[in-house]
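# Descriptive structure summary
What follows is the residue order along each chain.
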Amino acid sequence: MRTILVTGGAGFIGANFIRFVLNARPAYQIINVDSLTYSGNLENLAGLERDERYRFVKADILDVAAMGPLMEEADAIVHMAAESHVDRSILDSTPFVQTNIAGTQVLLDAARKAERMGRFLYVSTDEVYGSLPLEDTSVLFTEETPLAPNSPYAASKTGGDLLARAYHHTFGMDIVTTRCSNNFGPYQFPEKVIPLFVTNLVEGKKVPLYGDGLNVRDWLHVDDHCEAILAVLEKGISGEVYNVGGNNERSNLELTHSILGLMGCGEEMIEYVCDRPGHDRRYAIDASKIKRELGWEPTRSAWPEAMAATVEWYKANAEWWQRVRSGAYRAYYEQQYGAR
Ligand SMILES: NC(=O)c1ccc[n+]([C@@H]2O[C@H](COP(=O)([O-])OP(=O)(O)OC[C@H]3O[C@@H](n4cnc5c(N)ncnc54)[C@H](O)[C@@H]3O)[C@@H](O)[C@H]2O)c1
């Protein structure tokens, strides 16, 4: 039995990752440590409470005393706890610096001291590379592209990314890093563009589109990301960085039209709003290294099918996002785990 400590497992990618691993690897067990910020939702993991291979621990990754003993129980860590929303980082970057930089440092130090701990995987983002020009679509982010983060969110993720790199270099720790493009799929917090737009349209509201809508993102289904994380965890070379992407570039306008079409709505439902300050123009990932070296390829991200399935999921799970939007999802923790 191999025990993986997952940080941030009650969030969007974390919950999908835990479900993915428990299903794909019967010999693995998971400890999920999450402080349940506004985006942490144990309903995302409903049904796993009685699974003997899964355990939830409510704790903050900044809590040094709590992280030490957890590290002693695990063979590897997949660190994805983070403040994750760019817009929030523009309003207040304090929790981003605390969790994404200082929290990562706490975990790296705890992992370094833990005797049993093997591999440390840092879930980074393509946003560490900054922005690409719209004009030349042949230019992609490779693992050698200089880091040039533009938002406080991206800068804080870059801080964690570089700390992980430094701990490998200085202390010889077994550390690998993934830098992934934008994810979509079930259980994404409805402040992010796809669930925000779908849930707005279900409620008959307009969708707020930033600027001219021409900003481009490379969209990957969350299960393809989970599979890539597992591949890097199991087969990646220590000290290496792996880009993860879907080769699925879409402008926000294209994305919006796709959602409007699937929802049977017209262009009049778009409300053009003031652009996000410092809005990166284009992200596009060259994921040839992980394909070449680890044999990973996206198999679940193809449009329009993958987008249609995601829209269907939000339509079919209205109770889930209505509870999130109203704040009612927070009561689930006490119901399941008592008031501890
Ligand atoms: N969503 C994407 O498209 C995307 C793409 C590439 C990389 N990433 C990275 O993947 C990771 C997960 O992203 P997500 O979209 O699932 O985010 P999310 O906001 O849905 O989930 C983050 C989780 O971390 C937890 N958390 C936050 N601060 C914590 C702390 N101090 N201690 C313990 N737990 C804490 C939250 O409670 C939540 O459950 C992040 O590191 C993010 O940077 C996300």
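Look up a bit, the structure's there.
Because the structure is a prediction, the values reported are computed rather than measured.

## As for the site of the ligand
- If you check the shell around the ligand, you find 28 residues, and the closest are Ile13, Asp34, Ser84, Tyr153 and Lys157.
- Within the backbone of Ala82, a nitrogen or oxygen atom sits 3.5 Å from an oxygen atom of the ligand.
- Thr99 places a side-chain nitrogen or oxygen 3.1 Å from a nitrogen atom of the ligand.
- Isolated, the ligand exposes 840 Å² of accessible area, and the fraction of that covered by the protein chains is 96%.
- Sorting the residues of the shell around the ligand by element identifies α1 (12–24), β5 (119–125), α5 (152–171) and β7 (182–184) as the ones contributing at least two each.
- Considering every element that reaches the shell around the ligand, the biggest residue donor is β5, with 3 residues.

## A closer look at the pairing of strand β8 (residues 207–210)
- Residue alternation in β8 divides its side chains into a buried set, Val207 and Leu209, and an unburied set, Pro208 and Tyr210.
- Note that β8 and strand β12 (residues 270–273) share 4 bridges and pair parallel. Of the residues in β12, the one forming a bridge with Leu209 is Tyr272.

## What about the environment of Ala331?
- Take Ala331: it is sitting in helix α12 (residues 331–337).
- Judged by relative accessible area, which is 45%, Ala331 ranks as partly exposed.
- In the structure, Ala331 is positioned 290 residues away from Asn41 in sequence and 9.9 Å away in space, judged by C-alpha atoms.

## Comments concerning the pattern of salt bridges
- Scanning the entire structure with this criterion turns up 18 salt bridges.
- Between Glu203 and Arg325 there is a salt bridge, with the nearest N and O atoms lying 2.7 Å from each other. Here Glu203 is found in the loop between α6 (193–202) and β8, whereas its partner Arg325 is found in helix α11 (residues 318–326), with 122 residues between them in sequence.
- Residues Glu240 and Lys289 are paired through a salt bridge, measuring 2.6 Å at the closest nitrogen-oxygen approach. One end of the pair, Glu240, is in the loop between α7 (222–235) and β10 (241–244); the other, Lys289, is in helix α9 (residues 288–294), with 49 residues separating them in the sequence.
- Judged by its relative accessible area of 10%, Lys289 falls in the buried class.
- Overlapping salt bridges, with partners in common, bring together Glu203, Lys205 and Arg325 in one network.

## Observations regarding the packing of α6 against helix α8 (residues 252–262)
- Packing of α6 against α8 brings their axes to within 10 Å, and their N-to-C directions diverge by 35 degrees. Judged by the twist between their axes, the crossing of α6 over α8 is right-handed. The residues of α8 that touch α6, namely those facing Val193, Ile194, Phe197, Val198 and Leu201, are Leu255, Thr256, Ile259 and Leu260.
- Here the contact of α6 with α8 is composed, by residue class, of 8 nonpolar, 1 polar and no charged.

## Some thoughts on α11
- Those residues of α11 lying buried are Ala318, Trp320, Trp321 and Val324. Across the axial projection of α11, the buried residues extend over an arc of 160 degrees, all falling on one side. Residues of α11 that are exposed and point over 90 degrees away from its buried face: Glu319 and Ser326.
- Packed against the buried residues of α11 are α6 and α10 (305–316).

## Structural notes on the packing of aromatic side chains
- Under the definition given, this model contains 12 aromatic pairs.
- Seen in terms of ring centroids, Phe96 and Tyr153 are 6.4 Å apart; in terms of plane orientation they differ by 85 degrees. Their pairing is edge-to-face. Remark: Tyr153 occurs in helix α5 and Phe96 occurs in helix α4 (residues 94–113); sequence separation between them is 57 residues.
- With relative accessibility at 1%, the residue Phe96 sits in the buried group.
- Ring-pair connections join several aromatic residues into one group, and the members of that group are Tyr187, Trp313, Tyr314 and Trp320.
- Arg88 extends its terminal NZ or CZ atom over the ring of Tyr38, reaching a point 3.5 Å from the ring centre.
- Over the ring of Tyr283 we find Arg217; its NZ or CZ atom is 3.9 Å from the centre of that ring.

## A short note on unusual backbone geometry
- The linkage connecting Trp303 with the following residue, Pro304, adopts the cis geometry, with an omega of 5 degrees.
- As for its position among the elements, Pro304 is in the loop between α9 and α10.
- Even without glycine at this site, Tyr187 takes up a positive phi of about 70 degrees.
- Among the secondary structure elements, Tyr187 is positioned in the loop between β7 and α6.
- For Tyr187, a relative accessible area of 17% gives the class buried.

What counts, and at which threshold
- Residues numbered from 1 in each chain as written.
- Predicted model: local features only at pLDDT ≥ 70, side-chain atom pairs only at ≥ 80, totals over all residues.
- Heavy atoms only, no water.
- Near = heavy atom within 4 Å.
- Polar contact = N/O pair within 3.5 Å; in protein donor to acceptor, adjacent residues only side chain to side chain.
- Areas by Shrake-Rupley, 256 points an atom, 1.4 Å probe, with all protein chains shown as cover.
- Helix = DSSP H or I, 4+ residues; strand = E, 2+ residues; numbered from the N terminus.
- Buried < 20%, exposed > 50% of the residue type's maximum accessible area, 1.4 Å probe, protein only.
- Pairing = 2+ DSSP bridges.
- Salt bridge = Lys/Arg side-chain N within 4 Å of Asp/Glu carboxyl O.
- Axes fitted to C-alpha atoms, helices over the stretch in contact; angles between N-to-C directions.
- Left-handed = near helix turned anticlockwise from the far one by under 90°.
- Contact = heavy atoms within 4.5 Å.
- Nonpolar A, V, L, I, M, F, W, Y, C, P; charged D, E, K, R; others polar.
- Arc of directions from axis to C-beta.
- Phe/Tyr/Trp six-rings, centres within 6.5 Å; stacked < 30°, edge-to-face > 60°.
- Lys NZ or Arg CZ within 6 Å of the ring centre and 35° of its normal.

Nothing here speaks to function; it is all geometry.
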